[in-house]
Amino acid sequence: LAAILLVSAAALPVMAQSSANSVGLGVAVGLAFPQGSTAGISSTDWKTSFNWGFYVNIPIISTLHLTPSSELHRLDGGNVTDFALAFKFIVPLPRFDLYAGLVPGLTAVSDLIAPNVGLLAGGSFRLVGNLDLFVQGKYSWVFEGDENLRVLHANTGILFVF
């Protein structure tokens, strides 16, 4: 009886992981296009800024992934860091995955920390066994007082899948 329980307990994690893809770590580069301003964040409309960041892709099920991220870019008010948790809804295809999602988070610039929310869309393509290439666009709103700053992010990067 103990042997049967031990074998059953060892098999449960394997069955739970079989429905989702593997976890991945990624890095991306791209451009950020801000528009508008808030108290503490000033912006020249649509002035381009270099954007880069780190990502972790955590599959919950094959069609829903959580993606915590940290992205860095520059505005007239200084260096900006966006921390976010994307809820990505995946359309899996044989060698290409399309996705769209909701991205809530925080934006930090100088002494200001403001909430943000955004929408994203993109796709990933399997380059080799455990390396994916992805392209995505994100449009986010940073809220501070009565004003908001809108930022369009266009990124491409690689994702190392475990």
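Residues numbered from 1 in each chain as written. Predicted model: local features only at pLDDT ≥ 70, side-chain atom pairs only at ≥ 80, totals over all residues. Heavy atoms only, no water.

Draft legend 1. Layout of the overall build of the protein. A count of helices and strands for the protein gives one helix and eight strands. Going from N to C terminus, the protein has its helices and strands arranged as α-β-β-β-β-β-β-β-β. Across the 162 residues of the protein, 36% fall into the buried class. Of the contacts made within the protein by residues no fewer than 6 positions apart, 50% connect residues no fewer than 24 positions apart. Accessible surface, the protein as shown: approximately 8900 Å² in total, 71% of it carbon and sulfur. (Helix = DSSP H or I, 4+ residues; strand = E, 2+ residues; numbered from the N terminus. Buried < 20%, exposed > 50% of the residue type's maximum accessible area, 1.4 Å probe, protein only. Contact = heavy atoms within 4.5 Å. Areas by Shrake-Rupley, 256 points an atom, 1.4 Å probe, with all protein chains shown as cover.)

Draft legend 2. A look at the layout of surface pockets. Looking at the largest pocket, its volume works out to about 390 Å³. Forming the walls of the largest pocket are 28 residues, and the residues nearest its centre are Asn57, Lys88, Ser124, Asp132 and Leu159. Looking at the lining of the largest pocket, the elements that each hand over two or more residues are β2 (49-61), β3 (64-75), β4 (78-92), β5 (96-109), β6 (112-128), β7 (131-144) and β8 (147-161). Of the residues assigned to the lining of the largest pocket, the class counts are 13 nonpolar, eight polar and seven charged. (1 Å grid on protein atoms, 1.4 Å probe; cavity = no way out; pocket = protein on both sides within 12 Å on 5 of 7 lines; lining within 4 Å. Points joined across faces, edges and corners; volume = space filled by probe spheres on them. Nonpolar A, V, L, I, M, F, W, Y, C, P; charged D, E, K, R; others polar.)

Draft legend 3. Inspection of the sheet that holds β7 at higher detail. Taken in spatial order, the eight strands line up as β1-β2-β3-β4-β5-β6-β7-β8 and close into a barrel, and their pairing is antiparallel. The mean inter-strand angle of the sheet, taken between neighbouring strand axes irrespective of direction, is 25 degrees. Of the strand pairs in this sheet, strand β1 (residues 24-36) and β8 are connected by 13 bridges, and their pairing is antiparallel. The residue of β8 that forms the bridge with Ala32 is His153. (Pairing = 2+ DSSP bridges. Axes fitted to C-alpha atoms, helices over the stretch in contact; angles between N-to-C directions.)

Draft legend 4. The arrangement of the side chain of Asn155 in detail. The topology assignment puts Asn155 in strand β8. Within the structure, the side chain of Asn155 is placed 3.4 Å from the side chain of Asn51, a separation counted as a polar contact. Apart from residues lying up to four places away in sequence, Asn155 is in contact with Ala28, Val29, Gly30, Leu31, Asn51, Tyr55, Glu71, Phe134, Val135 and Gln136. (Polar contact = N/O pair within 3.5 Å; in protein donor to acceptor, adjacent residues only side chain to side chain.)

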